[in-house]
Amino acid sequence: MNDTFLKACRGEAVPYTPVWIMRQAGRYLKQYQKIRKKVDFLTLCKTPELAAEVTIQPIDALGVDAAILFSDILIPVEAMGMKLKFLEKKGPVLTPPVRNETALKKLSVPQPETDMGFVMETIKILRKELATRVPLIGFSGAPFTTATYMIEGGTSKNFLHTKRMIFESPALYASLMSKVTTTVLEYLKAQIKAGAQAVQLFDTWAGIFSPLDYREYVFPYVREVIKSLKSWQAAENIRVPVIYFVGSCSGLLEEMRTCGADVIGIDWRINIDDAIKRLDSDLSVQGNLDPCALFMPKEKIQYRVKDILKRASSARGHIFNLGHGVLPETSAENVASMVEMVHSFSR
Ligand code: CP3
């Protein structure tokens, strides 16, 4: 198996810089669109054979060094008891939004193996199919980012309801976060038991906070997940790397560095060498090309890829990635060229 990705997570020497792409399975791939014409997104997530098939599509098409489980961060929210729909153009809708004690009481902490069995089934199929190829990354939304969807009832621009709950009803927020944190922890343990070889926590929206509020309302919960996951792993004698990704992380790096993860995912709004300087030296980094850079001509993409590789050379380990998910409008050919550039320039 190609283990460059796992080695870079642990800070071990690698012959070239490994690369994978957030949202690498998705609408920018014709192969994906073909399957999506036949089934809706949630059915795709819940049909292990199909979810495994689309997980492998970018491995075949792009030559990336890791696979990421095809699913969504809102799957455990549905398992907690909320109604989930994905609307064309509008995105996810969760009902009813959790903004009071009554709505919170209706939610449960799911049993991952029974309530989200299709995810563990997908992982088992993938481990068989990927055995001699690349490692499989499992994932979850981090507690805060997961909670924003529950409080807002979907995607949000200014996170008014979330911030309002935090500042007006901190005790309600704390009880919600306690349920979400346990859910995320148990979900990741189940994915690792099923065969996930690394896990990523997506904290896409944590960058909306001042460092002070991040430290108080976001960090304790994600640190709790990672610390508990690590002590459980130590007891079970497993070593699965944890990646923590925060969107718009540049104001928060000093706060994030003691989260307990092996790898910190960096968005593109900061030079990766600056981020490395501000993080602990025993952390690897992942990132950080602007997804829109893939709309540039190839020579310009080359320049940016080289720049990131050079800047990241001071890290104990670097996994090349975009600074956020690849956009549906992106040319798959440019993505494949970028992967090739990362491999050839870093060799
Ligand atoms: O990275 C991968 O290839 C694995 C699969 C994956 C998806 N979503 C598939 C998906 C992963 C890791 C996610 C994570 C996710 N989901 C996040 C965190 C990362 C990020 O991008 O910020 C968030 C915030 C979500 C919630 C979500 N899912 C939204 C807001 C949307 C609608 C917007 C959109 O892009 O359509 C989704 C839908 C979704 N999740 C799609 C895919 C492939 C598109 C569904 C389709 O085929 O129509």
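The coordinates are above.
Given the structure is predicted, the values throughout are model-derived calculations rather than measurements.

Enquirer: Please clarify how the pattern of salt bridges should be interpreted in this entry.
Expert: Note on pairing: side chains with opposite charge can pair once their charged atoms come close. Taken as a whole and judged by the stated rule, the model has 15 salt bridges. Of the charged contacts in the structure, one is a salt bridge between Glu 254 and Arg 278, with a shortest N-O distance of 2.8 Å. Of the two residues, Glu 254 sits in helix 14 (residues 253-256) while Arg 278 sits in helix 15 (residues 272-278), which places them 24 residues apart along the sequence. Judged by its relative accessible area of 24%, Arg 278 is partly exposed. The residue Asp 307 makes a salt bridge to Arg 311 at a minimum N-O spacing of 2.9 Å. Highlighted residues: Asp 307 and Arg 311, both in helix 16 (residues 298-311), separated by 4 residues, approximately one helical turn. Each of Asp 273, Asp 307 and Arg 311 takes part in one network of salt bridges that share partners.

Enquirer: It is not clear to me how the site of the ligand should be interpreted in this structure. Could you clarify?
Expert: Residues in contact with the ligand amount to 22 residues; listed here are only the nearest, Arg 23, Arg 27, Tyr 32, Asp 72 and His 324. A distance of 3.1 Å separates an oxygen atom of the ligand from a polar backbone atom of Ala 25. For the ligand, the protein covers 89% of the area, taking 870 Å² as the surface of the free molecule. The pocket occupied by the ligand, as judged from atoms lying within 2 Å of grid points, is the largest pocket. By residue class, the composition of the shell around the ligand is 13 nonpolar, 5 polar and 4 charged.

Enquirer: Sorry if this is basic, but what is going on with empty space enclosed by the protein here?
Expert: All told, the structure shown has 1 cavity of 30 Å³ or more when counted by the stated rule. Its boundaries defined by the atoms lining it, the largest cavity holds a volume of some 30 Å³. In terms of lining residues, the largest cavity is bounded by Pro 76, Val 77, Met 80, Ser 140, Gly 141, Thr 146, Val 180, Thr 183 and Val 184. Those elements that provide at least two residues to the lining of the largest cavity are helix 5 (75-80), strand 4 (136-141) and helix 11 (170-194).

Enquirer: Hey, could you run me through the environment of Leu 185 in this one?
Expert: Within the secondary structure layout, Leu 185 lies in helix 11. Sequence-wise, Leu 185 and Pro 211 are 26 residues apart; in three dimensions their C-alpha atoms are separated by 24 Å.

Enquirer: Sorry if this is basic, but what is going on with the side chain of Asn 321 here?
Expert: You can see Asn 321 is positioned in strand 9 (residues 318-322). In this structure, Asn 321 is in contact with Trp 20, Ile 21, Met 22, Gln 286, Gly 287, Asn 288 and Leu 289, ignoring residues within four places of it in sequence.

Enquirer: When you look at the sheet that holds strand 5 (residues 198-203) in this model, what are you seeing that I'm missing?
Expert: Backbone hydrogen bonds hold the strands of a sheet together, and the pairing may be parallel or antiparallel. The strand order across the open sheet formed by 7 strands is 1-4-5-6-7-8-9, and the pairing between neighbours is parallel. Pairing within the sheet leaves two strands with one partner each, and these edge strands are strand 1 (67-68) and strand 9. The strands that helix 16 touches are strand 8 (284-289) and strand 9; relative to strand 9, the one it contacts most, it runs at about 145°.

Enquirer: I would appreciate a short explanation of the packing of helix 9 (residues 143-152) against helix 10 (residues 160-168) in the present structure.
Expert: Axis angle and axis distance: for two packed helices, these are the angle between their axes and the distance between the axes, and together they describe the pair. Between helix 9 and helix 10, the least distance of the axes is 8 Å, while the angle of their chain directions is 105°. In terms of their interaxial angle, helix 9 and helix 10 are classed as roughly perpendicular. Across the interface between the two elements, Phe 144, Thr 148, Ile 151 and Glu 152 of helix 9 pack against Leu 160, His 161, Thr 162, Met 165 and Ile 166 of helix 10. Its residues placed into classes, the contact of helix 9 with helix 10 shows 5 nonpolar, 3 polar and 1 charged.

Enquirer: Sorry, what's going on with helix 10 here?
Expert: In an α-helix, one full turn covers 3.6 residues, which means residues spaced three or four apart are oriented alike. Within the span of helix 10, buried status applies to Thr 162, Met 165 and Ile 166. For helix 10, the angular spread of buried residues about the axis comes to 95°, placing them on one side. Those residues of helix 10 that are buried lie in contact with helix 9, helix 11 and helix 12 (211-217).

Enquirer: Would you explain the pairing of strand 4 in this entry?
Expert: For a regular strand, side-chain orientation follows a simple rule: the groups alternate between the two sheet faces. The element strand 4 is largely enclosed, with a buried count of 6 among its 6 residues. Residue alternation in strand 4 divides its side chains into two sets, Leu 136, Gly 138 and Ser 140 and Ile 137, Phe 139 and Gly 141, and both sets are buried. For strand 1 and strand 4, the ladder comprises 2 bridges, and the chain directions are parallel. Along strand 4, the bridge assignment pairs Ala 67 with Leu 136.

Procedures and definitions
Residues numbered from 1 in each chain as written. Predicted model: local features only at pLDDT ≥ 70, side-chain atom pairs only at ≥ 80, totals over all residues. Heavy atoms only, no water. Salt bridge = Lys/Arg side-chain N within 4 Å of Asp/Glu carboxyl O. Helix = DSSP H or I, 4+ residues; strand = E, 2+ residues; numbered from the N terminus. Buried < 20%, exposed > 50% of the residue type's maximum accessible area, 1.4 Å probe, protein only. Near = heavy atom within 4 Å. Polar contact = N/O pair within 3.5 Å; in protein donor to acceptor, adjacent residues only side chain to side chain. Areas by Shrake-Rupley, 256 points an atom, 1.4 Å probe, with all protein chains shown as cover. 1 Å grid on protein atoms, 1.4 Å probe; cavity = no way out; pocket = protein on both sides within 12 Å on 5 of 7 lines; lining within 4 Å. Sits in = over half its atoms within 2 Å of the grid points. Nonpolar A, V, L, I, M, F, W, Y, C, P; charged D, E, K, R; others polar. Points joined across faces, edges and corners; volume = space filled by probe spheres on them. Contact = heavy atoms within 4.5 Å. Pairing = 2+ DSSP bridges. Axes fitted to C-alpha atoms, helices over the stretch in contact; angles between N-to-C directions. Parallel < 35°, antiparallel > 145°, perpendicular 65-115°, else oblique. Arc of directions from axis to C-beta.

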